[in-house]
Protein chains: 2
Amino acid sequence: LERHGTVAIIGVGLIGGSIGLALRARGLAQRVIGIGRTQATLADAERKGAIDAGTTDFDSGVAQADVTVVCTPVGQIAAAVIRAAERGPARTLVTDAGSTKRLIVEAVERNDHARAAFVASHPIAGSERKGVAHASAELLEGRVCVITPTAQTPAGRLDRARSFWASLGCELVEMTPEAHDQSLAFTSHMPHAVAAALAASIPDEFLRLAAGAYRDGTRVAASDPALWAGIFCANRQPVLVALTAFQDQLAAFRAALQAEDEEGLRTWWDIARGRRRLFDARRPTLGTESADGRH
Amino acid sequence: LERHGTVAIIGVGLIGGSIGLALRARGLAQRVIGIGRTQATLADAERKGAIDAGTTDFDSGVAQADVTVVCTPVGQIAAAVIRAAERGPARTLVTDAGSTKRLIVEAVERNDHARAAFVASHPIAGSERKGVAHASAELLEGRVCVITPTAQTPAGRLDRARSFWASLGCELVEMTPEAHDQSLAFTSHMPHAVAAALAASIPDEFLRLAAGAYRDGTRVAASDPALWAGIFCANRQPVLVALTAFQDQLAAFRAALQAEDEEGLRTWWDIARGRRRLFDARRPTLGTESADGRH
């Protein structure tokens, strides 16, 4: 098959490593080059089989790339995309795996060269675990990958990006960068903030009695602080919108509780349960996977 | 063994049914009598092997009980405890599985007869699933059971209650009803309200992009509305205290986000992650169990 040619992966952590593993397991690339800041990480990735070779030299890493996938923290993506477009061959497709899209797309599109090579993407397959040690060839399989083309996105590159993410087993969804950012603010970013607030609000002395609701409600609070601080800042306004919606729900709960309105609490809970059931009906595979397979 | 003699279980749902299954699987009871409101539920419980026999006649069900365990919704527990103490034999131990303790203990202790027979308990083993269909002999195994004796609790009954819950595989913890209610408000009741608020705040149109953080953060929102409205009303003040602590954390997050304080967000998240890691270190078995085994 080898249909994607040489693929350069910038940032070989959980997502970048999983992309490399999937490309190699499926025989989709002629060669997978990992680009990272330290030799140690690249050696881990190579040992795990996520890349054929690794380099800390960005420019030589992307020089022969038919496809470059930028998998760094969001704050570094735009600069890496621009540089990969400038230093890669003329044919190169540059795409990314960032959790936010608008700021990245705006920054890249200010650069003529990069705009002609770039298709913004977000495979929704994060985890509270980080690093290539937790990467797997199946991480992306069956997951939604959002592609966010604009009027400026070249049609040829868009087709190649679709083919790239689909070949990894992703279900493709397309929308504007703005729609992506608002959706993810509601479905991922705000829920992450809620999990961290929950973890932070429970005094240590009570943890002995904590059980399933605490465990699941705080799971993603184990995620990397720098990664999430970056995502929140890169998606500030949409996260504030989602946060307001959440705080309003909490205020409604508090008001009913203060009024000892048992009937009101029941009605409020019933609506919440209906939403959750809708999710279970629409995403049955996500709902039943095991704790070990959570991503 | 049969050391607990005849055990009456009032309310044969998830918890009551699991107690019956464990008693019978471990050969701990001479006879397990289920007491319920409908013949259909009792027939299900008997078919599943959770009880030896069932009856809708409360008084005849408890008449021969060495131990009566009240597993009804919290709002009905005190009245059932008092009636079981009055209609059971003089030797009877009455205990319960309610998620809140102070109001129940206060109501029971106003009755001389019931006070002499009662030991308040809470095996922490709930689930978003309800009904005897989801009951299992292993549900209570390794779970914490909080026993909340007061100065009024008779020492003999307390020993028998300890023996009863320990024989089901529970790890025993003892504290006052007030300490229990505040602990559970933080570790369970408030996290349940947060999960429901999260589920309610996310518009349907975004659910397609929801993944792991949403799934785990809203899991317990699938729980029974009437059950939870009852728990919140029976533990109003402690839940309000926990809710305030949570809302304060969220306000701190919002302030840092509004100020675009990336360093502040990182520090805030780091503290939350530390709490969550403490939980993982203390409750390793709860942290790794599979989604299907969640209770």
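None of the values given here were measured: they were computed from a predicted structure. (Residues numbered from 1 in each chain as written. Chains lettered and ligands numbered in written order. Predicted model: local features only at pLDDT ≥ 70, side-chain atom pairs only at ≥ 80, totals over all residues. Heavy atoms only, no water.)

Asks: I keep staring at the pattern of salt bridges and nothing clicks. Help me out?
Replies: Between side chains of opposite charge, pairing is possible as soon as their charged atoms come close. Residues and elements named next belong to chain A. In total, this model carries 36 salt bridges over all chains according to the counting rule given. A salt bridge links Glu 106 to Arg 102, with the shortest nitrogen-to-oxygen separation between them at 3.1 Å. Of this pair, Glu 106 and Arg 102 both sit in helix 5 (residues 102–109), 4 residues apart, which is roughly one turn of the helix. On the basis of relative accessible area, Glu 106 is assigned to the partly exposed category, the value being 33%. (Salt bridge = Lys/Arg side-chain N within 4 Å of Asp/Glu carboxyl O. Helix = DSSP H or I, 4+ residues; strand = E, 2+ residues; numbered from the N terminus. Buried < 20%, exposed > 50% of the residue type's maximum accessible area, 1.4 Å probe, protein only.)

Asks: I tried to follow the interface of chain B and chain A on my own but got confused; where do I start?
Replies: Interfaces are often sized by the amount of accessible area the parts lose when they come together. Across the contact, 88 residues belong to chain B and 87 residues belong to chain A. Overall, the association of chain B and chain A removes approximately 9000 Å² of surface from exposure, summing both partners, and the carbon and sulfur fraction of that is 68%. Ranking the residues of chain B by area buried against chain A places Leu 209, Arg 215 and Trp 269 of chain B at the top, with a combined share of 10%. Summed over the shared surface of chain B and chain A, the number is 4 salt bridges. A salt bridge links Asp 204 of chain B to Arg 275 of chain A; its shortest N-O distance comes to 2.8 Å. Linking chain B with chain A are 26 residue pairs in polar contact (both at pLDDT 80 or more). Going through the elements one at a time, strand 8 (144–147), helix 8 (177–201), helix 9 (212–218), helix 10 (225–234), helix 11 (236–258), helix 12 (262–282) and helix 13 (284–288) of chain B are the ones with two or more residues in the side of chain B that touches chain A. Here the side of chain B that touches chain A takes 17 residues from helix 8 of chain B, the largest share from any one element. Residues that form the side of chain B that touches chain A fall into these classes: 51 nonpolar, 18 polar and 19 charged. (Contact = heavy atoms within 4.5 Å. Buried area = accessible area lost by both parts, 1.4 Å probe. Polar contact = N/O pair within 3.5 Å; in protein donor to acceptor, adjacent residues only side chain to side chain. Nonpolar A, V, L, I, M, F, W, Y, C, P; charged D, E, K, R; others polar.)

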